[in-house]
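Now for the letters of each chain:
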Amino acid sequence: MRQQDELKQGATASLPPFRDLYPNFCQVLAELPPASSRLFIACLGGGADSQTLLDLLDRYRAEHPSQQFLAIHLDHEFHPDSGAWAASLKADCQRRHFPFHSEVLAVAQGSRVSKEAAGRDARYQRLVELAHEQADGRQIVMLLGQHRNDQIETFLLQLKRGSGPKGLAAMALSSEHAGCWWLRPLLTVSKAEIYAYAVHHQLHWVEDNTNYDTQIDRNFLRHDIVPHLEARWPGFGDAVLRSAALCAEQQALLENLLTDQLEAVLDESGRLQCGWLEQQQPALQRALLRMWIERSNATPPSYAVLEQIREQMLHSENDRQPLVRWDRYTISRHNQPRKNRLLQLQHEPS
């Protein structure tokens, strides 16, 4: 408890003036496609960002009582205090009379997957399962607490990895996949503004002490790099957000242009036909391979792995049986007459 108080004091020592985030929150939700009924789900981690999101959704619930609402917290037990944190979130939702679901979600770890990546994949899969169990035909809206600082850090991490437009687009304000809408209503709001809101409304939240470990890349950027960049160039953060938005725009345009070409080379089972693709330029080969992989809901491979896939699957002879693995995915080739060769993507069990 004492450590929590000290961490909160440090985090909120210097804050901007309070700004009500509710109008911005409502504007993001107003841009959803029309639906007669919706299930809104607040995905809770326990930090000031997701607890601010919960408070905003609770205010929205008071104005829209005909809709359905749920808060979900999934505990990977990565932190020794995670059980106490989950109990405190449950108590906060009980105080609000806000429907709440929490469960421990075990994470299977493999030699090629970090526990954070495995946790992210498991959390996504379980959130989708729980949402569809509760939806009963309603439009599902998942609300995530990522904010402006997260977006800047994500852009810089992707830049460090040498990502193209897809990675540099960072996180989308809204997207649709797995039968759910995923919204980040706080994506243009700074963490300092979120703290100011949480303090003003006396919200309950948890400060995770591991977020201050600068041996972790994201924390290093958050505490040691980005503040210096924004002090030197006050417009730096806004420029990053603008670049991310431009990358997202270019990526969306590229995908629109490629969709018909990709669908023309898929068979009824979703396998990729190689014949036409083998005759195309490397850039187009990479783009269609990447799009096919992402449409299969697989983790995008690195550029190096994508090049392995392109070289081994498209340019080796039929006396080879190429197989490329990354994370928990494999791509293999069915060797028929060369013009009819097929690529298949499979997910390996955990």
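Above: the structure in question.
Small disclaimer: the values here were computed from a predicted structure and weren't measured.

Novice: How should the nonpolar core be read in this particular structure?
Specialist: Soluble globular proteins: nonpolar side chains tend toward being buried together. Residues Phe-25, Phe-40, Leu-57, Tyr-60 and Leu-143 are the most contacted members of the largest nonpolar core, which totals 33 residues. Setting aside anything within four residues of it in sequence, one finds Phe-25 in contact with Leu-53, Leu-56, Leu-57, Tyr-60, Leu-143 and Pro-185. Formed by 24 residues, the second largest nonpolar core is a distinct cluster that contains Ala-287, Val-305, Ile-309 and Tyr-329.

Novice: Would you take a moment to explain the sheet that holds strand 6 (residues 180-183) for this structure?
Specialist: Sheet strands associate in pairs through backbone hydrogen bonding, adopting either a parallel or an antiparallel arrangement. Pairing is mixed across the open sheet formed by 6 strands, whose spatial order is 3-2-1-4-6-5. Since the sheet does not close on itself, it has two edges, and those belong to strand 3 (100-104) and strand 5 (174-177), each with one partner. Across this sheet, the average inter-strand angle for adjacent strands is 25°, counted without regard to direction. Looking at chain direction, strand 5 and strand 6 are connected through 4 bridges and run antiparallel. Residue Ser-174 lies in a different strand from strand 6, and its bridge partner there is Leu-183.

Novice: In this structure, what is going on with helix 10 (residues 236-264)? I would like to understand it.
Specialist: Since the α-helix advances by 3.6 residues per turn, residues separated by three or four positions end up pointing in the same direction. If you check helix 10, its first and last C-alpha atoms are 43 Å apart, about what 29 residues at 1.5 Å a residue would give, namely 42 Å. Roughly 40° is the biggest bend found in helix 10, and it falls at Leu-258. Residues of helix 10 that are buried: Phe-236, Gly-237, Val-240, Ala-244, Cys-247, Gln-251, Leu-258, Thr-259 and Leu-262.

Novice: Whenever I open this one, the packing of helix 3 (residues 48-63) against helix 4 (residues 82-96) confuses me. Can you help?
Specialist: One can describe the packing of helix 3 onto helix 4 by two numbers: an axis separation of 12 Å at closest approach and a directional angle of 20°. One element, helix 3, and the other, helix 4, form an angle in the roughly parallel class. Considering how the two elements wind past one another, helix 3 and helix 4 form a crossing that is right-handed. Contacts from Gln-51, Leu-54, Asp-55, Asp-58 and Arg-61 in helix 3 reach Leu-89, Asp-92, Cys-93 and Arg-96 in helix 4. Counted by class, the contact of helix 3 with helix 4 contains 3 nonpolar, 1 polar and 5 charged residues.

Novice: How should I be thinking about the pairing of strand 1 (residues 38-44) in this particular structure?
Specialist: With respect to burial, strand 1 is a largely interior element, 7 of its 7 residues being buried. Side chains of strand 1 alternate between two faces, with Arg-38, Phe-40, Ala-42 and Leu-44 and Leu-39, Ile-41 and Cys-43 buried alike. As defined by bridge partners, strand 1 adjoins strand 4 (residues 139-143) across 5 bridges and the pair is classed as parallel. Note that in strand 4 the partner of Phe-40 across the bridge is Val-141. Summarising the sheet, strand 1 and strand 2 (residues 68-75) pair through 6 bridges and their orientation is parallel. Paired with Phe-40 across the bridge in strand 2 is Phe-69.

Novice: I tried to follow the sheet that holds strand 8 (residues 323-326) on my own but got confused; where do I start?
Specialist: Here 4 strands make up an open sheet; going across it, the order is 7-10-9-8 and the pairing antiparallel. Every interior strand has two partners, whereas the edge strands, strand 7 (272-273) and strand 8, have only one. Sheet topology places strand 8 next to strand 9 (residues 329-334); 4 bridges connect them, and they run antiparallel. Counterpart to Val-324 in the pairing with strand 9 is Ile-331. Its contacts with the sheet place helix 11 (residues 282-295) against strand 7, strand 8, strand 9 and strand 10 (342-347), and it is angled at close to 40° to strand 10. The strands that helix 12 (residues 303-315) touches are strand 8, strand 9 and strand 10; relative to strand 8, the one it contacts most, it runs at about 170°.

Novice: Would you take a moment to explain the pattern of salt bridges for this structure?
Specialist: Charged atoms that come close allow side chains of opposite charge to pair. Inspection of every chain in the model, using the stated rule, returns 26 salt bridges. Of the charged contacts in the structure, one is a salt bridge between Arg-96 and Asp-55, with a shortest N-O distance of 3.1 Å. Here Asp-55 lies in helix 3 and Arg-96 lies in helix 4, a separation of 41 residues in the sequence. An identical accessibility class is assigned to Arg-96 and Asp-55; each is buried. A salt bridge links Arg-96 to Asp-58, with the nearest nitrogen and oxygen atoms 3.0 Å apart. Of this pair, Arg-96 sits in helix 4 while Asp-58 sits in helix 3, and the two are 38 residues apart along the sequence. Neither Arg-96 nor Asp-58 differs from the other in exposure class; each is buried.

Reading the values: the criteria
Along every chain, residues carry numbers that run from 1 in the direction the sequence is written. With the structure being a predicted model, the display of local features is reserved for residues of pLDDT at least 70 and the display and counting of side-chain atom pairs for 80 or more, all residues being used for whole-chain, interface and lining totals. Excluded from the side-chain calculation are hydrogens and water; included are all heavy atoms of the structure. Joining through side-chain atoms within 4.5 Å is the link that ties buried Ala, Val, Leu, Ile, Met, Phe, Trp, Tyr and Cys residues into a set, and such a set is a nonpolar core. Each residue is assigned to one of three classes by its accessible area relative to the maximum for its type, calculated with a 1.4 Å probe on protein chains only: buried under 20%, partly exposed between the two thresholds, exposed over 50%. Residues are treated as being in contact if the distance between any of their heavy atoms lies within 4.5 Å. Between any two strands, at least two bridges found by DSSP are needed for them to pair. Numbering of helices and strands runs from the N terminus; a helix is a DSSP stretch of H or I covering at least four residues, while a strand is a stretch of E covering at least two. A fitted line through C-alpha atoms serves as each axis, taken over the contacting stretch for helices, and the angle formed by two N-to-C directions is quoted from 0 to 180°. An expected span of 1.5 Å times one less than the residue number is assigned to each helix. One axis is fitted to the seven residues ending at the residue and one to the seven starting there. The bend at that residue is the angle between these axes. To sort the angles, those under 35 degrees are grouped as roughly parallel, those over 145 as roughly antiparallel, those from 65 to 115 as roughly perpendicular, and the leftovers as oblique. Each helix crossing is assigned a hand: it is left-handed if the near helix lies turned anticlockwise from the far helix by less than a right angle, otherwise right-handed if that turn is clockwise. Under this grouping Gly is polar, as are all residues other than the nonpolar Ala, Val, Leu, Ile, Met, Phe, Trp, Tyr, Cys and Pro and the charged Asp, Glu, Lys and Arg. Should a side-chain nitrogen of Lys or Arg be within 4 Å of a carboxyl oxygen of Asp or Glu, the pair is scored as a salt bridge.

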